[in-house]
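Listed below, chain by chain, are the residues.
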Amino acid sequence: MRLDIVSIFPEYFSPLDVSLIGKARERGTLDVRVHQLRDWTHDVHKTVDDTPYGGGPGMVMKPEVWGEAIDAIIADGAAANGPAADASPTDAPPTGSPGAPATGGSAAPGPTAPATGGPAAPATPRIIVPTPSGRPFTQEIAQELAAEPWLLFACGRYEGIDSRVMREYGARMRVDELSIGDYVLAGGEVAVLVMVEAVGRLLPGVLGNVHSAVDDSFAPGAMRNLLEGPVYTKPPVWRGHEVPEVLLSGHHGRIARWRRDEALRRTVANRPELAAAIDPETLDKHDRKL
Ligand code: SAM
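Residues numbered from 1 in each chain as written. Predicted model: local features only at pLDDT ≥ 70, side-chain atom pairs only at ≥ 80, totals over all residues.

Under the annotation held in an unreviewed UniProt entry, the protein chain carries the name tRNA (guanine-N(1)-)-methyltransferase and is attributed to Nonomuraea montanisoli. As recorded by UniProt, the Subcellular location (unreviewed entry) comment attached to the protein chain reads in full: "Cytoplasm". Here the protein chain is described in UniProt, under the heading Function (unreviewed entry), as follows: "Specifically methylates guanosine-37 in various tRNAs." (UniProt positions renumbered as here; feature names shortened; annotations may be inferred.)

In structure tokens, the structure reads:
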């Protein structure tokens, strides 16, 4: 999978060098390219924002600079795919922009080979714009994005990106405005880190144990509307707190039942709206008693 991230603070993305995502980049499963938006400005101050039409506080990110940045990245992706790619002049217009994708700050460029075993990147990426006014980013969306060969993340700052940018690209390719929660961050960088980690860990071979994602909260199937229950490891007693006896029993049926009960209890306590959304058809008699 190819990921392009455009930001005025590329330094934010150094965490993508470490842990699961760092290893996925080393292996070539993830090809992450971080770009400095200011590389596509043309004035001496490298200006990316201006005052909002209609007045009001704050600044808005200028459409021209975003247009040049996104066009250049799309053109780069189309060139990387070669003549076999399903590129069209409309999909990848020449821009004469500063061009080569930048890899700013400490976020080193990832391997440039296409994702191993994945499909060739298409002519256009799916564009993700983090914004508190977007659709909620969920595990379901993470799964959907994990199936995409190419994502481009546009990190807003100030009051956000001029809306015409989303309209312009939305007419030609998939553009999703996504929120990571009902609160306001200073910029899209942290939201993109959240999304990249949630998507990246779902890629084949990224998690050490493929079953980890299956048992997670919100996983498709039985856990879709359930939170995972409590987890324990050795020793069996720590500071007087005992591991529930059933987990030491070796009885797989009882353990599965206990885990389901705990998941239900925790969901009812912490996320009653999720519990209410559980399909009653999926509940058995034991569940209904909880
Ligand atoms: N004026 C905007 C509003 O009220 O919707 C908030 C802009 S916020 C200060 C600046 C940037 O941070 C946004 O453009 C977006 O990229 C990012 N951001 C802030 N909160 C976010 C959230 N909950 N989810 C995703 N991105 C967020």
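After that view, the rundown keeps rolling.
(A) Seen up close, the nonpolar core. Within the largest apolar cluster, 51 residues are counted, with the highest numbers of intra-cluster contacts made by Ala 69, Phe 153 and Ala 154. Looking at which element gives the most residues to this core, the answer is helix H2 (residues 63-81), with 8 residues. Not counting residues up to four positions away in its chain, the partners in contact with Phe 153 are Leu 3, Ile 5, Val 6, Ile 128 and Val 192. (Core = buried A, V, L, I, M, F, W, Y, C linked by C-beta atoms within 7 Å. Buried ≥ 20, exposed ≤ 12 C-beta atoms within 10 Å, placed from the backbone. Helix = DSSP H or I, 4+ residues; strand = E, 2+ residues; numbered from the N terminus. Contact = placed C-beta atoms within 7 Å.)

(B) View of the sheet that holds strand E1 (residues 2-7). Strand order in this open sheet of 5 strands is E2-E1-E6-E5-E7, and the pairing throughout is parallel. In this open sheet, the two edge strands, each paired with only one partner strand, are strand E2 (31-36) and strand E7 (175-179). Strand-to-strand twist of the sheet, defined as the mean angle between neighbouring strand axes without regard to direction, takes the value 30°. One ladder, built from 5 bridges, connects E1 with strand E6 (residues 150-154); its direction is parallel. Paired with Leu 3 across the strands is Leu 151, a residue of E6. Along the sheet face, H2 touches E1, E2 and E6 and points at about 165° away from the line of E6. (Pairing = 2+ DSSP bridges. Axes fitted to C-alpha atoms, helices over the stretch in contact; angles between N-to-C directions.)

(C) Quick look at the site of the ligand. Among the 19 residues in the neighbourhood of the ligand, the closest are listed as Pro 130, Gly 156, Gly 160, Gly 188 and Ala 191. Examining the composition of the shell around the ligand, we find that 4 residues originate from one element, strand E5 (residues 126-136), more than from any other. Its residues assigned to classes, the shell around the ligand shows 9 nonpolar, 8 polar and 2 charged. (Near = placed C-beta within 6 Å. Nonpolar A, V, L, I, M, F, W, Y, C, P; charged D, E, K, R; others polar.)

(D) Main features of the pairing of E2. Counting buried residues along E2, 6 of its 6 residues qualify, which places the element largely inside the surrounding structure. Alternating residues of E2 divide into Asp 31, Arg 33 and His 35 and Val 32, Val 34 and Gln 36, and every residue in both groups is buried. One ladder, built from 6 bridges, connects E1 with E2; its direction is parallel. Note that in E2 the partner of Ser 7 across the bridge is Gln 36. Crossover handedness for the path E1 to helix H1 (residues 19-27) to E2: right-handed. (Right-handed = clockwise from strand over helix to strand, strands pointing away.)

(E) Quick look at the packing of H2 against helix H4 (residues 163-170). Orientation of H2 relative to H4, taken along the N-to-C sense of each, is 35°, at an axis distance of 9 Å. The interaxial crossing formed by H2 with H4 has right-handed handedness. Between H2 and H4, the residues in contact are Pro 63, Trp 66, Gly 67 and Ile 70 and Arg 164, Val 165, Glu 168 and Tyr 169, respectively. For the contact of H2 with H4, the per-class residue count stands at 5 nonpolar, 1 polar and 2 charged. (Left-handed = near helix turned anticlockwise from the far one by under 90°.)

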